[in-house]
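Now for the letters of each chain:
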Amino acid sequence: MGKSGKKRIIKILDTTLRDGEQAPGCSMNLNQKIDVAKRLELLGVDVIEAGFPASSPGDSGAVKAIAENIKDSAVAGLCRCRKKDIEIASSALSKAVNPVFHLFLATSPIHMEYKLKMKKEDVLSQAAAMVKYARQFCAGVEFSAEDAGRSDPDFLCAIFAEVIKAGAETVNIPDTVGYVMPDEFSRLVRYVKDHTPGIENVVLSAHCHNDLGLAVANSLAAVSAGAGQLECTINGIGERAGNASLEEIVMALRVRKDILNADTRIDTTQIYATSRLVSQVTGVKVQPNKAVVGENAFAHEAGIHQHGVLAKRETYEIMSPESIGVPKNRPINQMVLGKHSGRNALGTRLAEMGFHPDEKTMETVFLKFKELADKKKTVSDRDLEALIMEASPAVPETWKLEHWAVNTGSALGASGTIRLQHKEGKANKTVSLGDGPIDSIFKAINHIIGKEPNLELYEIGAITGGSSSQGEAMVKIRWHDRVFNGMGVSTDIIEASIKAYISAVNAMEWELKK
Ligand code: KIV
Ligand code: ZN
């Protein structure tokens with residue numbers, strides 16, 4: 001049965017750039033983080049958690065740069081309950097229009113005994129003292145009781161009451177290890193709401209992890225129990241099995257607002273582009289059957305379903321692809337633009353897709369578009385997205401591809417020849433032998449750059465259907481303890497692979513120089 005009356009607006013705190021980025025293989029460089037933050041602002045998230053400033057100078061720099069670039073969303077920095085963390089966050093957030101200090105301290109018996117080696121009373125007083133300290137710098141202070149899901153509910157109420165007295169404006173209940181069941185979580189949120197003095201004056205938040213696949217269900221249970229903020233990430237990326245996925249939470253609230261009586265301020269038509277961007281910059285693909293943003297989320301294969309959807313879309317679709325901003329030309333290999341399309345048509349299509357390249361990037365994209373349109377009859381939105389990504393590299397190009405050749409066959413080994421141009425002027429050419437064309441050419445690149453990074457991941461796929469489709473390659477390379485991503489696109493899969501490898505090398509060179 002539906003409910004009526006005024007819908008509550010649930011705040012969305014996106015932590016893609018903090019909890020998401022901290023997951024293995026999801027790291028992003030500074031420019032990529034700024035791009036993602038701008039997208040999140042367009043998407044309309046209330047709070048962008050930009051990083052953990054005290055964790056490294058790189059994180060602190062990223063929070064600072066994001067704080068300087070974002071105007072419409074609040075920007076949060078994570079802090080342990082330590083003065084030093086708060087001071088570092090205060091300098092990183094000094095330019096934020098709307099800063100939030102997000103303090104956390106664990107409250108579960110297991111964390112207090114083994115990790116913190118602290119008594120309950122000390123945890124409580126340290127949390128209150130640090131919230132009070134943070135309030136000297138700004139009004140936006142959130143306190144998270146880490147591992148709240150496994151904490152004593154009465155202790156949670158006691159610590160929340162103290163931090164509220166100390167000035168917290170948001171208190172957060174994280175299910176840090178993804179352990180809790182929806183019913184149980186709903187009871188916990190309601191208990192905290194009913195037994196914490198002062199809770200009516202602050203925002204009650206929930207932050208769920210997905211270890212049992214329940215992060216979204218638990219987040220929605222928290223809303224039903226009275227939570228006013230949810231913490232989540234794009235594509236659900238995050239520690240271990242990830243965080244609650246923003247797009248699933250937002251669309252569940254939108255599609256079933258009749259039941260949940262709540263909604264968000266998110267512009268859902270920006271969801272698809274944001275999901276694609278996060279996938280591109282992290283090099284982490286979205287599983288095809290992922291709810292809302294997976295490649296198959298709106299594909300109807302079975303004849304009976306196709307028949308139903310053609311007769312009336314709502315027979316098998318509970319939300320439309322347009323509502324999350326899936327480009328209109330899906331299925332993705334339908335014609336959008338061809339070789340006779342001009343700059344205007346290209347610009348209009350890019351703007352419809354949410355891209356607003358500057359003049360120089362537009363010039364490059366247009367030339368590449370013409371080249372591509374000569375090779376392929378039709379150029380799809382996915383092709384355009386790839387061209388845009390390639391034309392605006394997130395890091396300076398230390399090395400540029402000039403040309404390449406491979407020789408391979410069943411009886412011979414493979415040999416790869418490559419010529420790269422260094423940005424300071426010297427061009428280098430070399431030939432290497434290898435176990436196959438990719439191995440030989442990657443070895444040749446290593447020879448030129450003078451390093452042998454470990455190849456952690458190499459994936460190649462077709463962007464669209466058909467034999468004239470562009471190949472899209474993803475590469476992850478490890479240099480000591482750091483992993484760098486690269487992506488490359490071409491109608492030739494070997495060239496796509498080379499471009500991906502060089503873009504990962506450029507990310508590595510840029511970071512190592514800092
Ligand atoms: O999962 C967690 O407990 C966290 C907190 C720092 C909010 O990410
Ligand atoms: Zn978390």
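Residues numbered from 1 in each chain as written. Chains lettered and ligands numbered in written order. Predicted model: local features only at pLDDT ≥ 70, side-chain atom pairs only at ≥ 80, totals over all residues. Heavy atoms only, no water.

Chemist: Just checking my understanding: could you explain the environment of Leu420 for this structure?
Modeler: As for its position among the elements, Leu420 is in strand β12 (residues 414-422). For Leu420, a relative accessible area of 0% corresponds to the buried category. As for Leu420 and Lys400, which are separated by 20 residues in sequence, their C-alpha atoms are 5.5 Å apart. Residues contacting Leu420, with those up to four places away along its chain left out, are Trp399, Lys400, Leu401, Glu402, Lys426, Ala427, Asn428, Ile445, Ile448 and Ile502. (Helix = DSSP H or I, 4+ residues; strand = E, 2+ residues; numbered from the N terminus. Buried < 20%, exposed > 50% of the residue type's maximum accessible area, 1.4 Å probe, protein only. Contact = heavy atoms within 4.5 Å.)

Chemist: I would appreciate a short explanation of the coordination of the zinc ion (ligand 2) in the present structure.
Modeler: Tetrahedral coordination by four donors places them ideally at 109.5 degrees to one another around the metal; octahedral coordination by six donors ideally gives 90 or 180 degrees. In this structure, Asp19 (OD), His207 (NE2) and His209 (NE2) serve as the protein donors to the zinc ion (ligand 2), at separations of 2.0 to 2.1 Å. Considered as a linear motif, the donors of the zinc ion (ligand 2) on their single chain read D-x187-H-x1-H. Pair noted here: Asp19 is in helix α1 (residues 16-20) and His207 is in strand β8 (residues 203-208), with a separation of 188 residues, a long-range link. The pair formed by Asp19 and His207 is uniform in burial state, with each residue classed as buried. (Donors = N, O, S within 2.8 Å, 3.2 Å for Na, K, Ca; no water.)

Chemist: Where do I start with the site of ligand 1 in this structure?
Modeler: In the vicinity of ligand 1, the contacting residues are Arg18, Asp19, Leu78, His102, Phe104, Ser144, Glu146, Asn172, Pro174, Thr176, His207 and His209. Contact distances for ligand 1 include 2.6 Å between an oxygen atom and a side-chain N or O atom of Thr176. Surface burial for ligand 1 is 95%, taken as the share of its 260 Å² of free accessible area covered by protein chains. Those elements that provide at least two residues to the shell around ligand 1 are α1, β5 (99-106), β6 (141-146) and β7 (170-175). Looking at the shell around ligand 1 residue by residue, the class counts come to 3 nonpolar, 6 polar and 3 charged. (Near = heavy atom within 4 Å. Polar contact = N/O pair within 3.5 Å; in protein donor to acceptor, adjacent residues only side chain to side chain. Areas by Shrake-Rupley, 256 points an atom, 1.4 Å probe, with all protein chains shown as cover. Nonpolar A, V, L, I, M, F, W, Y, C, P; charged D, E, K, R; others polar.)

Chemist: Looking at this structure, I do not really get the environment of Leu384. What am I missing?
Modeler: Within the fold, Leu384 resides in helix α16 (residues 381-391). In the structure, Leu384 is positioned 19 residues away from Val365 in sequence and 8.3 Å away in space, judged by C-alpha atoms.

Chemist: Just to check I follow, could you spell out the environment of Thr282 for this structure?
Modeler: Position of Thr282 relative to the elements: it lies in helix α12 (residues 271-282). A residue is classified by how much of its surface remains accessible, and Thr282, at 0% relative accessible area, is buried. Measuring from C-alpha to C-alpha, the distance between Thr282 and Phe484 comes to 9.0 Å, with 202 residues separating the pair along the chain. Within the structure, Thr282 has its side chain in polar contact with the backbone oxygen of Val278 (distance 2.6 Å).

Chemist: Would you mind going over the sheet that holds β6 with me for this structure?
Modeler: As a general point, the strands of a sheet are linked pairwise by backbone hydrogen bonds and lie either parallel or antiparallel. With parallel pairing, 8 strands are arranged side by side around a closed barrel as β2-β3-β4-β5-β6-β7-β8-β9. Ignoring which end each strand starts from, the neighbouring axes of this sheet average 25° apart. Relative to β8, β7 runs parallel, the two being bridged by 6 bridges. Bridged to Asn172 within β8 is Ser205. (Pairing = 2+ DSSP bridges. Axes fitted to C-alpha atoms, helices over the stretch in contact; angles between N-to-C directions.)

Chemist: Which parts of the structure should I look at to understand the domain arrangement of the chain?
Modeler: It is common to give the size of an interface as the accessible area that goes away when the parts come together. Split by domain assignment, the chain resolves into domain 1 (8-282), domain 2 (298-327), domain 3 (330-391) and domain 4 (399-513). Between the C-alpha centres of domain 1 and domain 3 there is a distance of 37 Å. At the interface, 6 residues of domain 1 touch 7 residues of domain 3. Across the domain 1 to domain 3 interface the summed buried area is about 530 Å²; carbon plus sulfur atoms make up 42%. If you look at where domain 1 meets domain 3, you find 1 salt bridge. Put simply, Arg276 and Glu385 hold a salt bridge, and the shortest N to O gap is 2.7 Å. Joining domain 1 to domain 3, the criterion identifies 2 residue pairs in polar contact (both at pLDDT 80 or more). Considering every element that reaches the side of domain 1 that touches domain 3, the biggest residue donor is α12, with 5 residues. Class assignment of the residues belonging to the side of domain 1 that touches domain 3 gives a composition of 3 nonpolar, 1 polar and 2 charged. (Domains from an automatic or database assignment. Buried area = accessible area lost by both parts, 1.4 Å probe. Salt bridge = Lys/Arg side-chain N within 4 Å of Asp/Glu carboxyl O.)

Chemist: Would you mind going over the side chain of Arg18 with me for this structure?
Modeler: Examined against the element boundaries, Arg18 turns out to sit in helix α1. The buried category is assigned to Arg18, whose relative accessible area is 9%. Ignoring anything within four residues of it in the chain, the contact list for Arg18 reads Glu49, Gly51, Phe52, Leu78 and His207.

Chemist: Looking at this model, I keep getting lost on helix α9 (residues 215-224). Mind explaining?
Modeler: The α-helix advances 3.6 residues per turn, and as a result positions three or four apart in sequence lie on the same side. Counting buried positions along α9 yields 8 of 10 residues, so the element is predominantly enclosed. All of the buried residues along α9 are Ala215, Val216, Asn218, Ser219, Leu220, Ala221, Ala222 and Val223.

Chemist: Can you walk me through the pattern of salt bridges in this structure?
Modeler: Proximity of charged atoms lets side chains of opposite charge pair with each other. Throughout the structure, instances matching the rule amount to 28 salt bridges. In this structure, the salt-bridge partner of Glu146 is Lys115, at a minimum N-O distance of 2.6 Å. Of this pair, Glu146 sits in strand β6 while Lys115 is found in helix α5 (residues 109-116), placing the two residues 31 residues apart along the sequence. Owing to a relative accessible area of 15%, Glu146 belongs among the buried residues under this scheme. Its salt-bridge partner being Glu162, residue Lys165 comes within 3.1 Å of it at the nearest N-O pair. Of the two residues, Lys165 and Glu162 are both situated in helix α7 (residues 153-165); the distance of 3 residues between them amounts to about one turn of the helix. In this structure Lys165 comes out as exposed when scored by relative accessible area, which is 66%.

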